[in-house]
Amino acid sequence: MRNIEKPKTVSLETALQNLVSRLTGAPAAGLPRTQEGLVQYLAEHLPSLEELRGSKKRKDEK
């Protein structure tokens, strides 16, 4: 029988920090620690779909 390890358990705040870090490119250590702070940070630093479309159009034109 194989030894099955339990998956690592992390808090919701830690999981959100990791997600926000990946989406924004900011280091996780510098992000807020609360759920509300992380959502606010994400809202302020994640580009909108319109900005992403404009960025892609500019790249395609070059």
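The coordinates are above.
Residues numbered from 1 in each chain as written. Predicted model: local features only at pLDDT ≥ 70, side-chain atom pairs only at ≥ 80, totals over all residues. Heavy atoms only, no water.

*Asks:* Give a description of the overall build of the protein that names residues and reports values.
*Replies:* Looking only at helices and strands, one finds 3 helices and 0 strands in the protein. Counting every position in the protein, which comprises 62 residues, the buried fraction comes to 13%. Counting only contacts in the protein whose residues sit at least 6 apart along the sequence, the fraction spanning at least 24 positions is 3%. Accessible area for the protein stands at about 5,700 Å²; split by element, carbon and sulfur atoms hold 55% of it. (Helix = DSSP H or I, 4+ residues; strand = E, 2+ residues; numbered from the N terminus. Buried < 20%, exposed > 50% of the residue type's maximum accessible area, 1.4 Å probe, protein only. Contact = heavy atoms within 4.5 Å. Areas by Shrake-Rupley, 256 points an atom, 1.4 Å probe, with all protein chains shown as cover.)

*Asks:* Can you tell me about the nonpolar core, naming the residues and giving the values?
*Replies:* The nonpolar side chains of soluble globular proteins are, as a tendency, buried together. Val 20, Ala 26, Leu 31, Leu 38 and Tyr 41 form the largest nonpolar core, which has 5 residues in total. Residues contacting Ala 26, with those up to four places away along its chain left out, are Ser 21, Leu 31 and Tyr 41. (Core = buried A, V, L, I, M, F, W, Y, C linked by side-chain atoms within 4.5 Å.)

*Asks:* So what about the packing of helix H1 (residues 12–24) against helix H2 (residues 35–45)? Which residues, and what values?
*Replies:* Interhelical geometry of H1 versus H2 gives an angle of 10 degrees and a closest axis separation of 10 Å. Classified by the angle their axes make, H1 and H2 are roughly parallel. Of the residues in H2, those touching H1 at Leu 12, Glu 13, Leu 16, Gln 17, Val 20, Leu 23 and Thr 24 are Gln 35, Leu 38, Tyr 41, Leu 42 and His 45. In the contact of H1 with H2, the residues fall into 7 nonpolar, 4 polar and 1 charged. (Axes fitted to C-alpha atoms, helices over the stretch in contact; angles between N-to-C directions. Parallel < 35°, antiparallel > 145°, perpendicular 65-115°, else oblique. Nonpolar A, V, L, I, M, F, W, Y, C, P; charged D, E, K, R; others polar.)

*Asks:* Any details on H2? Residues and values, ideally.
*Replies:* By the burial criterion, the buried members of H2 are Gly 37, Leu 38 and Tyr 41. The arc that holds every buried residue of H2, seen down its axis, measures 100 degrees, which confines them to one face. H2 presents Glu 36, Val 39 and Ala 43 as exposed residues on the side facing more than 90 degrees away from its buried surface. Buried-residue contacts for H2 involve H1. (Arc of directions from axis to C-beta.)

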